[in-house]
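A look at the structure
In case you want the letters, here they are:
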Amino acid sequence: YLYGSDSWRRDRKLRELLEQYRKKYSQLDLLDVDLAETPENWLKVGEFFDQPSMFVESKVAIIRESGVVDSKEWRKILRDQIKTKKIFLLISDRNGPKADFRFLKEKAFLRQEFAELAGAELAVWVKKGAAFRNLAFSAEAWRYFLGYIDSLAEGRSWAVIQELEKIALANLPQPVSEKDLRSVTIWFSMEDFQDLINPLFRSFDWRRRLFLAEKLFLQKEDPAHVFNSLAYRAHGRQLMKFADYDIAVKSGLADYESAIFDFALTA
C-alpha cells in the first residue's frame with residue numbers, strides 16, 4: 001500500500017515493485033485500473049481476483065486511488081486479498097486511507113508513505129538529481145534553487161526533475177551561477193492570470209514560454225481557460241496552429257495541456 005501526495009516517488013516505487021514481480025514470475029497476469037478515472041472498474045477487479053489463472057503461477061493487480069469507491073463490497077474485496085498467497089495487490093493512492101479503509105495500514109499490508117519532501121530530505125533529493133545530470137551549482141544558486149522548490153505547496157519531486165532537466169538542456173556554464181539559473185528558472189509568487197498569459201504568448205524565448213506555462217499549471221489554472229486565452233490572442237499562422245490544436249483536442253488526439261506545452265516549445 002503506497003500513499004502520499006508525492007506522486008513522482010510513489011509511482012517510481014510502484015514501478016520498482018512491479019519490476020521485482022516480473023523478475024520472479026516470467027508469465028504475467030496483470031490488471032491495472034485507475035478508479036479516479038473509471039470508478040466502476042472496481043467490479044472488474046473483483047472479477048479478476050475470482051477468475052482462476054490457467055497458465056500462470058500467480059497474478060498481480062495494480063489499483064490506483066482505491067479510496068474513490070465507497071462500497072462495503074469493494075472494501076471486502078480488498079480485505080479478502082490478505083488471505084491469498086498467489087495474488088499480489090499493489091495499491092497507490094494520493095491520500096491516506098479513510099476510516100473504512102484503515103485495514104490497509106495494518107500489519108498484513110506492507111505500506112509506505114510518500115509525503116512532500118522538505119528540509120534536509122528535499123536537499124538530498126535535489127543533490128542526487130543534480131549529480132545524476134552532472135550539474136553543479138554555486139552556493140548562491142543552490143540556495144536559490146532549494147528556496148524555489150521548497151516554496152511549492154505540492155509536486156516538489158516532479159518540479160525538481162523538470163527543472164533539472166531544463167537546466168541540463170540549457171547547457172549553462174558550470175558551476176551554474178544564480179544569474180544563469182534565474183534565466184531558466186524564475187521564482188516568483190502567485191501571479192495574476194493575465195500577467196502570465198501575455199508574456200507566454202508574446203515571448204520569443206521558448207525557455208521563458210515553457211516556464212510560464214508550467215507556472216500557470218502550478219497555480220492550478222484551468223487548461224481550457226489557458227488554451228482559449230492564448231487562442232484569443234492568435235492571428236495569422238498562429239491562429240491556424242490553434243485551430244489544428246482545437247481539432248486534435250476535440251478528436252481525442254491531444255489534450256489542452258499538451259497543446260499549450262507544444263505552443264510554448266514551438267511558437
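Position numbers for residues start from 1 in each chain and track the written sequence from start to end. Only residues with pLDDT of 70 or above have their local features reported here, since the model is predicted, and side-chain atom pairs are shown and tallied only from 80 upward, although totals for entire chains, interfaces and linings are computed over all residues. Neither water nor hydrogens contribute to the side-chain values; these are computed over all heavy atoms in the structure.

Side note on the overall build of the protein chain
Numbering goes from the N terminus for both helices and strands, where a helix is a DSSP run of H or I of at least four residues and a strand is a run of E of at least two. In terms of regular secondary structure, the protein chain is built from twelve helices and five strands. Reported as C-alpha extents along the three principal axes, the dimensions of the protein chain are approximately 60 × 45 × 35 Å. Buried residues are those whose accessible area, probed at 1.4 Å on protein chains only, stays under 20% of the maximum for their type, while exposed residues exceed 50% and partly exposed ones sit between those limits. Out of the 267 residues belonging to the protein chain, those deemed buried represent 42%. Contacts spanning at least 24 positions in sequence make up 73% of the contacts within the protein chain whose residues lie at least 6 apart. A total accessible area of about 15200 Å² is found for the protein chain, and carbon and sulfur atoms account for 53% of it. By the counting scheme adopted, Arg and Lys are positive, Glu and Asp are negative, and His together with the chain ends is not counted. Charge coordinates come from a single atom per side chain, which is NZ of Lys, CZ of Arg, CG of Asp or CD of Glu. Distance from the positive charge centre (42 side chains) to the negative charge centre (41 side chains) of the protein chain: 5 Å. Here, residues are in contact when the closest pair of their heavy atoms is within 4.5 Å. Surface accessibility follows the Shrake-Rupley procedure with a 1.4 Å probe radius. Residue values consider only the protein chains on display as shielding.

Thoughts on the packing of aromatic side chains
The pairing test for Phe, Tyr and Trp rings, Trp by its six-membered ring, is centres within 6.5 Å, and the orientation test on the planes gives stacked under 30 degrees, edge-to-face over 60, and tilted for anything in between. Applying the stated rule across the entire model yields 18 aromatic pairs. A centroid spacing of 5.2 Å and a plane angle of 70 degrees characterise the contact between Y21 and F88, whose relative ring orientation is edge-to-face. Remark: F88 occurs in strand 4 (residues 87-93) and Y21 occurs in helix 1 (residues 7-24); sequence separation between them is 67 residues. On the basis of relative accessible area, Y21 is assigned to the buried category, the value being 6%. Judged by relative accessible area, which is 30%, F88 ranks as partly exposed. With a centroid separation of 6.5 Å and an interplanar angle of 65 degrees, the aromatic rings of F227 and Y245 are classed as edge-to-face. On the criterion of sequence distance, the pair formed by F227 in helix 10 (residues 223-233) and Y245 in helix 11 (residues 237-250) is long-range, its members being 18 residues apart. Of the two residues examined, F227 and Y245, each falls in the buried class. By way of ring pairs, the aromatic residues F201, F227, F242, Y245, Y256 and F263 are connected into one cluster. The ring of F48 carries K59 above its face, with NZ or CZ at 4.4 Å from the centroid. Comment: the charge-over-ring label is applied if NZ (Lys) or CZ (Arg) is within 6 Å of the ring centre and within 35 degrees of the ring normal. One cation-aromatic arrangement involves R75 over F101; the distance from NZ or CZ to the ring centre is 5.8 Å.

Some thoughts on the nonpolar core
Across soluble globular proteins, nonpolar side chains show a tendency to be buried alongside one another. The nonpolar core is taken to be a set of buried Ala, Val, Leu, Ile, Met, Phe, Trp, Tyr and Cys residues, with the residues joined through side-chain atoms within 4.5 Å. Ranked by internal contacts, the top residues of the largest apolar core, which has 45 residues, are F137, I149, L164, I167, L181 and L230. Y1, A61, I63 and F103 belong to the second largest nonpolar core, which has 22 residues in total.

Quick look at the side chain of K241
Along the chain, K241 turns up in helix 11. The salt bridge criterion pairs a side-chain nitrogen of Lys or Arg with a carboxyl oxygen of Asp or Glu, the two atoms within 4 Å. Lacking a salt bridge, the buried K241 has D262 as its closest oppositely charged neighbour, with an N-O distance of 5.0 Å. If near-sequence neighbours (up to four positions away) are discounted, K241 is found in contact with F263, T266 and A267.

A few points about the pairing of strand 2 (residues 30-34)
Residues L31 and V33 line the buried face of strand 2, whereas the alternating positions L30, D32 and D34 sit on a face that is not buried. Here strand 2 pairs with strand 3 (residues 59-64) via five bridges, running parallel. Its bridge partner being in strand 3, D34 is matched across the sheet by R64. Place the viewer so that the strands point away; then a crossover is right-handed whenever the path from the first strand over the helix to the second strand goes clockwise. The parallel pair strand 2 and strand 3 is bridged by helix 2 (residues 42-50), and the resulting crossover is right-handed. In this analysis, strands are considered paired if DSSP registers two or more bridges between them.

Brief notes about the side chain of R133
Relative to the helices and strands, R133 resides in the loop between helix 4 (119-132) and helix 5 (139-150). R133 has contacts with I161, L164 and E165, leaving out every residue within four places of it along the chain.

Quick word on the pattern of salt bridges
Tallied over the entire structure, the rule returns 13 salt bridges. Across the pair D32 and R64 runs a salt bridge whose closest N-O atoms are separated by 2.9 Å. Here R64 lies in strand 3 and D32 lies in strand 2, a separation of 32 residues in the sequence. Accessibility expressed as a relative area gives 25% for R64, which makes it partly exposed. Linking K166 and E214 is a salt bridge whose minimum nitrogen-to-oxygen distance equals 3.2 Å. Here K166, found in helix 6 (residues 156-170), pairs with E214, found in helix 9 (residues 206-218); they are 48 residues apart in sequence, far enough to count as distant. No difference in accessibility class separates K166 from E214, as the two residues are buried. If you follow the salt bridges from partner to partner, you end up with D70, R75 and D100 in one network.

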